[in-house]
Amino acid sequence: MARPDKVDAVEEMRDKFRNSNAAVVTAYTGLTVAQLQQLRRSLGENAQYRVAKNTLTKIAANEAGITTLDDLFAGSSAVAFVTGDPVEAAKGLRDFAKDNPNLVIKGGVLDGKALSADEIKKLADLESREVLLSKLAGAFKAKQSQAASVFQALPSKLVRTVDALRAKQDEQGGAE
């Protein structure tokens, strides 16, 4: 018979898996409590870092419909549940792992798709969502400006052409 505290832990993690945009599984052996607190701060407000037993975490992930992480739950494992920008959390994990080699990114899941450790590191190399959106808005604005210039140029070019034709007709009419 399952103990109530374990059932509660599985339910809590299952809800975290369901409500997260991404989840990143890490190994944390050798990190101190102070380093784990520093890691939690570096992840930002939109991510929670949770250390839990592999068996319970695996059950919670499976109940949430995520079976691609099963192989990652071996040894010491913890999960970063990301509810906001996954790029920000991936950068936080990558940067912390550079300074603390005891943190090893094992893999994860993003919007239901499994990610390897290398893919999470590539995700960390992306610019934040806000930067990408502002670049996209700038590109749209530039295209609109180009289109406005073209539309403004057409009538003025037409007027110059008509004026040139009139001047040519006047020259031809005066030469006769």
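Shown above is the structure to which this text applies.
Here goes a summary of the coordinates provided. Only a predicted model underlies this, so the values are computations on that prediction, with no experimental measurement involved.

## Topic: the environment of Val 162
Reasoning step 1: In this fold, Val 162 is placed in helix H6 (residues 129-175).
Reasoning step 2: According to the relative accessible area criterion, Val 162 is partly exposed, its value standing at 31%.
Reasoning step 3: For the pair formed by Val 162 and Asp 125, sequence separation is 37 residues and the distance between their alpha carbons is 56 Å.

## Some thoughts on the pattern of salt bridges
Side-chain pairing between opposite charges can occur once the charged atoms of the two side chains come close.
Reasoning step 1: In total, this model carries 6 salt bridges according to the counting rule given.
Reasoning step 2: For Glu 12, the salt bridge goes to Arg 50, with nearest N and O atoms at 3.1 Å. A residue pair is termed long-range when its members are at least 10 positions apart, and Glu 12 in helix H1 (residues 4-19) and Arg 50 in strand E2 (residues 47-51) qualify at 38 residues.
Reasoning step 3: What makes Glu 12 partly exposed here is its relative accessible area of 38%.
Reasoning step 4: Here Glu 119 and Lys 113 are joined by a salt bridge, their closest N and O atoms 3.9 Å apart.

## Description of the nonpolar core
Reasoning step 1: Formed by 25 residues in total, the largest nonpolar core has its most connected members in Leu 39, Leu 43, Tyr 49, Leu 93 and Leu 103.
Reasoning step 2: Among the secondary structure elements, those contributing two or more residues to this core are strand E1 (22-27), helix H2 (33-42), E2, strand E3 (78-82), helix H4 (86-99), strand E4 (104-110) and helix H5 (117-125).
Reasoning step 3: For this core, the leading source of residues is H4, giving 6 residues.
Reasoning step 4: Look past the residues within four positions of Tyr 49 in its chain and what remains in contact with it is Thr 26, Tyr 28, Leu 36, Leu 39, Arg 40, Leu 43, Ala 78, Val 79, Ala 80 and Leu 103.
Reasoning step 5: The next biggest cluster of nonpolar side chains, apart from the first, holds 16 residues, and it includes Ala 9, Leu 56, Phe 73 and Val 109.

## Notes on the packing of H1 against helix H3 (residues 54-63)
Reasoning step 1: Between H1 and H3, the shortest axis-to-axis distance is 8 Å and the interhelical angle comes to 50°. Between H1 and H3, the interaxial angle falls into the category oblique. In this structure, H1 crosses over H3, and the sense of that crossing is right-handed. Contacts from Lys 6, Ala 9, Val 10, Met 13, Arg 14, Phe 17 and Arg 18 in H1 reach Leu 56, Thr 57, Ile 59, Ala 60, Ala 61 and Glu 63 in H3.
Reasoning step 2: Its residues assigned to classes, the contact of H1 with H3 shows 8 nonpolar, 1 polar and 4 charged.

## Concerning the sheet that holds E4
Reasoning step 1: Read from one edge to the other, the open sheet built from 5 strands follows the order E2-E3-E1-E4-E5, with strand pairing classed as antiparallel. This sheet does not close on itself; its edge strands, each paired only once, are E2 and strand E5 (113-116). When strand polarity is set aside, the average angle formed by the axes of neighbouring strands in this sheet is 20°.
Reasoning step 2: Pairing geometry for E1 and E4, over 6 bridges, is antiparallel. Its bridge partner being in E4, Thr 26 is matched across the sheet by Ile 105.

Rules used in this analysis
Residues numbered from 1 in each chain as written. Predicted model: local features only at pLDDT ≥ 70, side-chain atom pairs only at ≥ 80, totals over all residues. Heavy atoms only, no water. Helix = DSSP H or I, 4+ residues; strand = E, 2+ residues; numbered from the N terminus. Buried < 20%, exposed > 50% of the residue type's maximum accessible area, 1.4 Å probe, protein only. Salt bridge = Lys/Arg side-chain N within 4 Å of Asp/Glu carboxyl O. Core = buried A, V, L, I, M, F, W, Y, C linked by side-chain atoms within 4.5 Å. Contact = heavy atoms within 4.5 Å. Axes fitted to C-alpha atoms, helices over the stretch in contact; angles between N-to-C directions. Parallel < 35°, antiparallel > 145°, perpendicular 65-115°, else oblique. Left-handed = near helix turned anticlockwise from the far one by under 90°. Nonpolar A, V, L, I, M, F, W, Y, C, P; charged D, E, K, R; others polar. Pairing = 2+ DSSP bridges.

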